[in-house]
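The chain contents come next:
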Amino acid sequence: MPFNMSEEQSLLSSMLTERDAQISTLTHQLHSTSEILHSTQKELQQKSLSRKAQREEHSGTIKRLKEEHSEQRRVLAKFEQNVKNGGGLRVHEYAALMRSANSNQVESSYVIRLQAQLCR
């Protein structure tokens, strides 16, 4: 059954319209996916910068804590040496030293026990 010219044109026209609709849909999906990709990349970049800043902050904190630890060890070594050499400090001096190392109140009974332990 042969097609006449108008039927063939109608069929081709509907095929073109259908293909144009598919192209339009795919183009829209491509743009949506590109926008999602762009926003995701931007979010990733922001998170990377945030993590870098956190790493730098943590590195600074670690360095500071190591320095404080070294200083506390130096103070403790000096304190132990002083006690071992018989140049014992008075109870209030122990308490002052303990307060400088720890901001909490130090009871004199604790200091006396500490002195007894250090003298052993």
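The model shown is predicted, which means the values in this text are computed figures rather than measured ones. All residue numbers refer to positions counted from 1 along the written sequence of the respective chain. Only residues with pLDDT of at least 70 get local features here, since the model is predicted, and only at 80 or more are side-chain atom pairs given and counted; chain-wide, interface and lining totals rely on the full set of residues. Excluding hydrogens and water, the side-chain values take into account all heavy atoms of the structure.

1. As for the overall build of the protein chain
This is how it is decided: Under the scheme used here, helices are H or I runs from DSSP no shorter than 4 residues and strands are E runs no shorter than 2 residues, and both carry numbers assigned from the N terminus. Burial classes: relative accessible area under 20% of the type maximum marks a residue as buried, over 50% as exposed, and values in between as partly exposed (1.4 Å probe, protein chains only). For the accessible areas, the method is Shrake-Rupley and the probe is 1.4 Å, while residue cover comes only from the protein chains on display.
Within the protein chain one finds 3 helices and 0 strands. Each helix and strand of the protein chain, placed in order from N terminus to C terminus, yields the pattern α-α-α. Across the 120 residues of the protein chain, 8% fall into the buried class. Here the protein chain displays about 10700 Å² of accessible surface, and carbon together with sulfur accounts for 55% of that area.

2. Considering the pattern of salt bridges
Oppositely charged side chains are able to pair whenever their charged atoms sit close together. We apply this condition: Here, a salt bridge means any side-chain nitrogen of Lys or Arg that lies within 4 Å of a carboxyl oxygen of Asp or Glu.
Overall, the coordinates contain 3 salt bridges when judged by the stated rule. Between Lys47 and Glu43 there is a salt bridge, with the nearest N and O atoms lying 3.3 Å from each other. Of this pair, Lys47 and Glu43 are both found in helix H1 (residues 5–84), 4 residues apart, which corresponds to roughly one turn of the helix. The salt bridge partner of Arg64 is Glu68, with a shortest N-O separation of 2.8 Å. One end of the pair, Arg64, and the other, Glu68, are both in helix H1, 4 residues apart, so they sit about a helical turn from each other. Take Arg64: its relative accessible area is 40%, and that puts it in the partly exposed class. Classification of Glu68 as partly exposed rests on a relative accessible area of 39%.

3. Observations regarding a nonpolar patch on the surface
Selection rule: In this analysis, a patch consists of residues with relative accessible area above 30% that form no salt bridge, clustered at 9 Å for like charges and at 5 Å for the nonpolar side chains Val, Leu, Ile, Met, Phe, Trp and Tyr.
Among the surface-exposed residues, Leu11, Leu12 and Met15 lie close enough to one another that they form a single nonpolar patch of about 280 Å² accessible area. By secondary structure assignment, the location of Leu11 is in helix H1.

4. Let's talk about the confidence of the model for the protein chain
Predicted coordinates in regions of low pLDDT should not be interpreted in detail. We apply this condition: One number per residue, pLDDT, summarises how confident the predictor is, and it ranges from 0 to 100.
In this model, the protein chain carries an average pLDDT of 83, and 72% of its residues clear a pLDDT of 70 or more. Per-element confidence in the protein chain is highest for H1, whose mean pLDDT is 93, and lowest for helix H2 (residues 91–101), whose mean pLDDT is 66.

5. Some thoughts on the environment of Ser14
Along the chain, Ser14 falls in helix H1. For Ser14, a relative accessible area of 40% puts it in the partly exposed group.

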